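Results of the structural survey
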Amino acid sequence: MLDIKNLHASIEEKDILKGINLQVKPGEVHAIMGPNGSGKSTLSSVIAGREDYEVTDGSIDFLGENVLDLSPEERAQLGIFLSFQYPIEIPGVSVSNFLKTSINEIRKAKGEEPMGAADLLKKMREKLKVLEMDKAFLSRSLNEGFSGGEKKRNEIFQMAMLEPKLAILDETDSGLDIDALRIVAQGVNKFRNKDNAVVVITHYQRLLDYIVPDVVHVLMDGKIVKTGDKNLALELEDKGYDWIKKEVASL
Amino acid sequence: MEEFKDKLESNYIVFENELNGEADTAVHGMRRDAFRNFEKLGFPTKRNEEWKYTNLKPILKADYKLFPKREDHIEFKDVKRFFLNEIDSYKVVFINGVYSSWLSETTHQGYDVCTFGNALRKYPEAIDGYFNKVAKTDEQAMVSLNTAFASEGAFIRVPKNKVVDKPIQIIFFNTSDDREIMVQPRNLIILEQGAKAEIIERHQSLTDTPVLTNSVSEVSVGANAELHYYKLQNDVHTSSLIDNTWINQYRDSVAKFSTFSFGGRLTRNNLHFAMKDENCLTYMNGVTILDENQHVDHHTVADHLVPHCESHELYKGIYDDTSTGVFNGKINVHKDAQKTNAFQQNDNILLSDRATVDTKPQLEIYADDVACSHGCTVGQLDEEALFYMKSRGIADKEARALLMYAFASYALSEVGIRELKQKVNMLIAKKLGVDLDFEL
Amino acid sequence: MSNSDQILDDVTKKEYEYGFYTEVESDRAPKGLNEDIIRLISTKKNEPEWMLEWRLDAYRKWLEMTEPTWLKPKYEKPNFQDITYYAAPKKKKGPDSLDEVDPELLKTFEKLGISLDEQKRLTGVAMDVVVDSVSVATTFKKTLRELGIIFCSMSEAIQEHPELVKKYLGTVVPKSDNFYAALNSAVFTDGSFCYIPKGVKCPMELSTYFRINEAGTGQFERTLVVADAGSYVSYLEGCTAPQRDENQLHAAVVELVALDDAEIKYSTVQNWYPGDANGKGGVYNFVTKRGICEKNAKISWTQVETGSAVTWKYPSCILKGDNSIGEFYSVAVTNNHQQADTGTKMIHLGKNTKSTIISKGICAGSSDGSYRGLVKIGPRAHNARNFSQCDSLLMGDGCGSHTFPYIETQNKTAKIEHEATTSKIGEDQIFYCNQRGIGTEEAVALIVNGYAKEVLNKLPMEFAVEAQKLLAISLEGSVG
């Protein structure tokens, strides 16, 4: 589904990603872990198509299509979803209005009819329930005045509504208390099926107790330096990143 | 007004004749052009948008003497209270526009703290580089008028990376028992790269005879330099002041100006900052407390010419009796001055039914990637807070004063000289008519 | 034949009786302005003597006035002798089918989601539709008449309700108020008149929509709305569809009178031709709008300004009566080479008067937008309150945004708060929308509509929807 080959990217002429290789298949959950500044958030931004970053080498294929030439909205329309680490506030635009626009733009791109208001509302209510959110939430301005937990829940709510093929969760666990974490994870698990995939980017192992990964990658200094199963995450939690640093240095 | 203008014209001829030998210099050429410009513009009237709320007419009626007689018999003990005495400082003191060596303490060691007249003779290169170059005269009648007669004031020059070791006090005393006088000080302040200085400026009349001061200060704050400037305005009720201060700021420099207006009949402060290079930081703070029929008009400009500069402005005003206050703060963000951060706030309290305040905070923005805001309020003391204080046994008058002090004190945050802050606090307390222990 | 057409017909038949100009065509005065032209206008409209005198007085005052120079917008001054001041509002021969209508215009209609029938009506095509609307209008007219509401053209009002016109015309905007108001007073040809009797709540939004026969009344419109004690009316001005008016100068005057306990809500969606992308052509919109509030009265101005090459407009409130309320909600969009200088004046004279100002400016392209406002608290206006919020949103580095608020306070019990911010449209916001599959153009529309929501919410429902679309259309191509 997602096939990243030798990806190099830089910002303001500073190299951040230095040759990433990553393959994600439908039905899989991948975790990307790494210390601060290793390039985790850059990777998610580059996949989503943020223009601040320059891709200097390599390729990103999604569903067999080279997405590097596509605009951010075209990638989203293909089914790439990024849950932002810091969701943006848009004053005056309600959650429901935003979602309606988003869903219908994506449908339009696929040549589908826009979704009717009644269906939309029904679906919103359903998904809100999973995330234990009140429906008053729909009429609030997007992310404006939201608590950190509400913002993250809102991201997962949008994911549930948009039903993307690939969901990248960038530090979705940061700023969440344990209850909120459980609810968010519940939302993600409910979303999972054999046709879609999830990439969880996280600093800590904590979220992976709830969203169990099939593959765990360790990102360091712009490269994936180690790949393993869920036990790798536990090991990192236990021993920190230093041992990997040493291991890499000794190579 | 026309009469006074005519008088200035004949005085200018007298002034020119007395220059003996200087008439051919470049400086004098500028004076002549400036006078022509003043003749063309005339005194500003209320029809001029920039003078909409300040009427000069009444104060221009007096028969001012332009070249008052020399007065140097002032004893230090008689004027001591106008100085900041608790700290050691340099002093450049003038009486009726004439330098008083007796009251002054100047230096040429490491930096120059002396007079403009002195610099005219000794440092022509400094004069050529800055005089009439920082201040703009074209649309400015009052600056032009000052330039035409410019001959005396303070001259401060701090060379590269020098730090002036103690504050500099510039004081203009005026004393005349019989005739109204007009004085036009001209100050030139140059901080070269990495230099640092603190300056306190004051205009003070010692008698009740009307005085009109039309002052111009040209200030250059070089790259990475830092200047703290305090204007203490607490003159007698017969004196008027038109202050024109123009500042050029260069890369990474910091300029902090505080204006305290408590006294005088009519005060007009024109404070004009031009950020010439990137990464300048500017602070403008003001506290105005007026009563009786006083009038203060603050006109400030933050001219953001280049990207990445930051300006902060906070003016607080309290107006009693029939006093009138004006605030006109302008933020100009030129095309290309991206990433500008400019903030401005003006808050006012009216204590009397006959006091008025006219405020016009103004943004003119030609760049898109900026964060600019301004706000202004007019209101009263918080009745809830007042009640709360009274319920704790604080008398009404003290409670009000305390709240007003609290209101004004935000604008004192950038005062770096502790003793000065105390003095300002005392002046505020006195103006509010209370005894407050600000040591707390 | 409708009433005004009847009058028109009567007048034109008398044409040569006065013989001012033999070359006068049947429906058009010669170019230029002088007292004879004013007499001609007045005669053609069969006006009573007092009206003519009123006009002439205004004209003489105008002669002594000069054009304002303090405006931010720079424009070429109109040549007042090169304008035709009277062209009879005869129905122009419309195009026979939509194929003959400017395709640009049709494209805009489509984007606005205006139905085909409506499109035809707006471009003056199919007569049956027009007839349809006329019948609709007549139904409403009947309802209104039963309530005693007068809603007609200014010409009609001068003929049929002279006592009301005489009593209120020029009382809020005096003839000599300003250069363009004086000009308008001298030469206005038509406009709307509305009177709501005591205690009547007008059950529907009154709008030019219902009086299609008066469309195209030209450059100098005069509107007078009088809400008698305890009454209420909501008035919608302007056509929501983009009018391709080639007239260079529009100098309208709108006067609102809200008597004790009355309320007037006045909404405008202005979308005159803004000129092309290079700043060529376009309308100069110099409008004087003002309302006066008596005791406990309320006037609320809401405007969405997207059109005109140059706009100069300050809908204002004189809060004369105690406890009266003034409101101003504005969204002004400028793009390409448009220039807008707009804002409001809130003059507090009575006790406990309140005013609210919400102004949202959006500047794109090489345009210039200014907010200019005055809040004045008179010495007797005890406990006056004002809150102002003026925000500007900038798109692209070629535009300029300016804020000139004047605040004059002469009463110590006043409470005034003014806030203003200027910021850029957030790249982060656009990217966030992009990531959710929303294209940049759509994202800008979404963000701008969110930004302007506080004001758009004040518009009547059907107006708001169109206004939202207009915002999006006006800003097309301004980002990315």
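Source: prediction; values computed, not measured. (Residues numbered from 1 in each chain as written. Chains lettered and ligands numbered in written order. Predicted model: local features only at pLDDT ≥ 70, side-chain atom pairs only at ≥ 80, totals over all residues. Heavy atoms only, no water.)

Attention now moves to the overall build of chain A. Scanning chain A for helices and strands turns up 8 helices and 12 strands. Expressed along its principal axes, the backbone C-alpha trace of chain A runs to roughly 60 × 40 × 35 Å. In chain A, which comprises 251 residues, the proportion classed as buried is 54%. Partitioning the intrachain contacts of chain A with sequence separation of at least 6 by distance along the chain shows that 68% fall at a separation of at least 24. As displayed, chain A has an accessible area near 11400 Å², and 46% of this comes from carbon and sulfur atoms. (Helix = DSSP H or I, 4+ residues; strand = E, 2+ residues; numbered from the N terminus. Buried < 20%, exposed > 50% of the residue type's maximum accessible area, 1.4 Å probe, protein only. Contact = heavy atoms within 4.5 Å. Areas by Shrake-Rupley, 256 points an atom, 1.4 Å probe, with all protein chains shown as cover.)

This part is about helix H4 (residues 117-130) of chain A. Each α-helix winds once per 3.6 residues, and so residues spaced three or four apart point in a common direction. Residues and elements named next belong to chain A. Here H4 contains 14 residues, and its C-alpha end-to-end distance of 20 Å stays within 8% of the 20 Å for a straight helix at 1.5 Å per residue. When we look at burial in H4, the residues that qualify are Leu-120, Lys-123, Met-124, Lys-127, Leu-128 and Val-130. Buried residues of H4, viewed axially, fall in a sector of 150°; they line one side. Facing away from the buried side of H4 by over 90 degrees, the exposed positions are Ala-118, Lys-122 and Lys-129. Where H4 is buried, its residues touch helix H3 (95-109), helix H5 (148-162) and helix H6 (178-191). (Expected span 1.5 Å × (residues − 1). Arc of directions from axis to C-beta.)

To continue, consider the sheet that holds strand E2 (residues 14-24) of chain A. All names here are of chain A. The strand order across the open sheet built from 4 strands is E2-E1-E4-E5, with neighbouring strands paired in antiparallel fashion. The open sheet has two free edges, formed respectively by E2 and strand E5 (65-66), since each of these has just one partner strand. Taken together, the 2 bridges between strand E4 (residues 54-62) and E5 define a ladder with antiparallel strand orientation. Looking at the pairing, Asp-61 lines up with Asn-66 of E5. Against the sheet, helix H1 (residues 40-48) makes contact with strand E1 (2-11), E2 and E4, and its axis sits at roughly 110° relative to E1, the strand it touches most. (Pairing = 2+ DSSP bridges. Axes fitted to C-alpha atoms, helices over the stretch in contact; angles between N-to-C directions.)

Residue and element names in this part refer to chain C. Between helix H3 (residues 49-63) and helix H9 (residues 179-187), the shortest axis-to-axis distance is 7 Å and the interhelical angle comes to 150°. One element, H3, and the other, H9, form an angle in the roughly antiparallel class. H3 and H9 meet at a crossing whose hand is left-handed. Contact residues: H3 offers Trp-54, Arg-55, Ala-58, Tyr-59 and Trp-62, while H9 offers Phe-179, Ala-182, Leu-183, Ser-185, Ala-186 and Val-187. (Parallel < 35°, antiparallel > 145°, perpendicular 65-115°, else oblique. Left-handed = near helix turned anticlockwise from the far one by under 90°.)

Right, let's get into the layout of surface pockets. In this model, the second largest pocket occupies a volume close to 1000 Å³. Within the residue set of the lining of the second largest pocket, elements represented by two or more residues are strand E19 (356-365) of chain B together with strand E9 (284-293), strand E17 (368-377) and strand E19 (400-409) of chain C. Ranked by the residues each element gives to the lining of the second largest pocket, the list is headed by E9 of chain C, at 4 residues. Considering only residue class, the lining of the second largest pocket consists of 11 nonpolar, 8 polar and 16 charged. (1 Å grid on protein atoms, 1.4 Å probe; cavity = no way out; pocket = protein on both sides within 12 Å on 5 of 7 lines; lining within 4 Å. Points joined across faces, edges and corners; volume = space filled by probe spheres on them. Nonpolar A, V, L, I, M, F, W, Y, C, P; charged D, E, K, R; others polar.)

Further remarks concern the side chain of Ser-261 of chain B. All names here are of chain B. Mapped onto the secondary structure, Ser-261 falls in strand E12 (residues 254-261). Taking relative accessible area as the criterion, Ser-261 reaches 0% and is therefore assigned buried. Sequence-distant contacts of Ser-261, that is, excluding residues within four places in its chain, are made with Gln-233, Asn-269, Val-287, Thr-288, Ile-289, Leu-290, Val-296 and His-298.

Interface size is often expressed as the accessible area that is lost when the parts come together. With 35 residues of chain B in contact, the opposing surface of chain C contributes 34 residues. Summing both sides of the interface, chain B and chain C together bury roughly 2800 Å²; the carbon and sulfur share of this comes to 47%. Put simply, chain B and chain C have 1 salt bridge between them. Between Lys-424 of chain C and Asp-369 of chain B there is a salt bridge whose closest N-O contact spans 3.9 Å. Put simply, the parts of the chain that give the side of chain B that touches chain C at least two residues each are E19 and strand E20 (371-379) of chain B. Of the residues forming the side of chain B that touches chain C, the biggest block, 10 residues, is contributed by E19 of chain B. Considered class by class, the residues forming the side of chain B that touches chain C number 15 nonpolar, 11 polar and 9 charged. The sheet contact formed by E20 of chain B and strand E20 (residues 415-424) of chain C spans 8 bridges and is antiparallel. Bridging across to E20 of chain C, Cys-376 of chain B finds its partner in His-418 of chain C. (Buried area = accessible area lost by both parts, 1.4 Å probe. Salt bridge = Lys/Arg side-chain N within 4 Å of Asp/Glu carboxyl O.)

This part is about the packing of H4 of chain A against H5 of chain A. Residues and elements named next belong to chain A. Their axes nearest at 10 Å, the elements H4 and H5 cross at an angle of 130°. By the angle between their axes, H4 is oblique relative to H5. The element H4 and its partner H5 pack so that their crossing is right-handed. Of H5, the residues touching H4 (which contributes Leu-120, Lys-123, Met-124, Lys-127 and Leu-128) are Phe-157, Ala-160 and Met-161.

The gaps of empty space that remain are located by a probe, the size of a water molecule, rolled over the atoms. Residue and element names in this part refer to chain C. Enumeration over the complete set of coordinates arrives at 12 cavities of 30 Å³ or more. Of the volumes computed, that of the second largest cavity is approximately 150 Å³. Lining the second largest cavity are 19 residues, and of these Ala-332, Ser-359, Gly-361, Ser-370 and Tyr-371 lie nearest its centre. Breaking the lining of the second largest cavity down by element, the ones donating at least two residues are strand E13 (325-334), strand E14 (339-342), strand E16 (354-363), E17, strand E18 (385-394) and E19. For the lining of the second largest cavity, the element with the most residues is E16, which contributes 5 residues. For the lining of the second largest cavity, a count of residues per class yields 6 nonpolar, 11 polar and 2 charged.

Residues and elements named next belong to chain C. Residues with a pLDDT of 70 or more make up 76% of chain C, whose mean pLDDT is 77. In the predicted structure, residues 89-94 sits below a pLDDT of 50 and forms 4 contacts with residues beyond four places in sequence or in another chain. Low confidence marks residues 240-245, where pLDDT is under 50. Its contacts with residues over four positions away, or in another chain, come to 25 contacts. Predicted complex metrics record ipTM = 0.87 and pTM = 0.80. (pLDDT = per-residue confidence, 0-100.)

In this section: the pattern of salt bridges. All chains considered together, the criterion is met by 54 salt bridges over all chains. Residues Lys-108 of chain A and Glu-105 of chain A are paired through a salt bridge, measuring 3.6 Å at the closest nitrogen-oxygen approach. Here Lys-108 of chain A and its partner Glu-105 of chain A are both found in helix H3, 3 residues apart, which amounts to about one turn of the helix. Of the residues examined, Glu-105 of chain A reaches a relative accessible area of 13% and is grouped as buried. For Asp-36 of chain C, the salt bridge goes to Arg-39 of chain C, with nearest N and O atoms at 4.0 Å. Separated by 3 residues within a single helix, Asp-36 of chain C and Arg-39 of chain C lie in helix H2 (residues 35-44), roughly one turn from each other. Given the relative accessible area of 33%, Asp-36 of chain C is considered partly exposed.

Tallying the contact residues gives 31 residues for chain A and 18 residues for chain C. Carbon and sulfur atoms make up 63% of the surface buried where chain A meets chain C, a total of about 2000 Å² over both sides. In this structure, the connection of chain A to chain C is made through 2 salt bridges. A salt bridge links Asp-428 of chain C to Arg-50 of chain A, with the shortest nitrogen-to-oxygen separation between them at 3.4 Å. Inspection of the region where chain A meets chain C yields 14 residue pairs in polar contact (both at pLDDT 80 or more). (Polar contact = N/O pair within 3.5 Å; in protein donor to acceptor, adjacent residues only side chain to side chain.)

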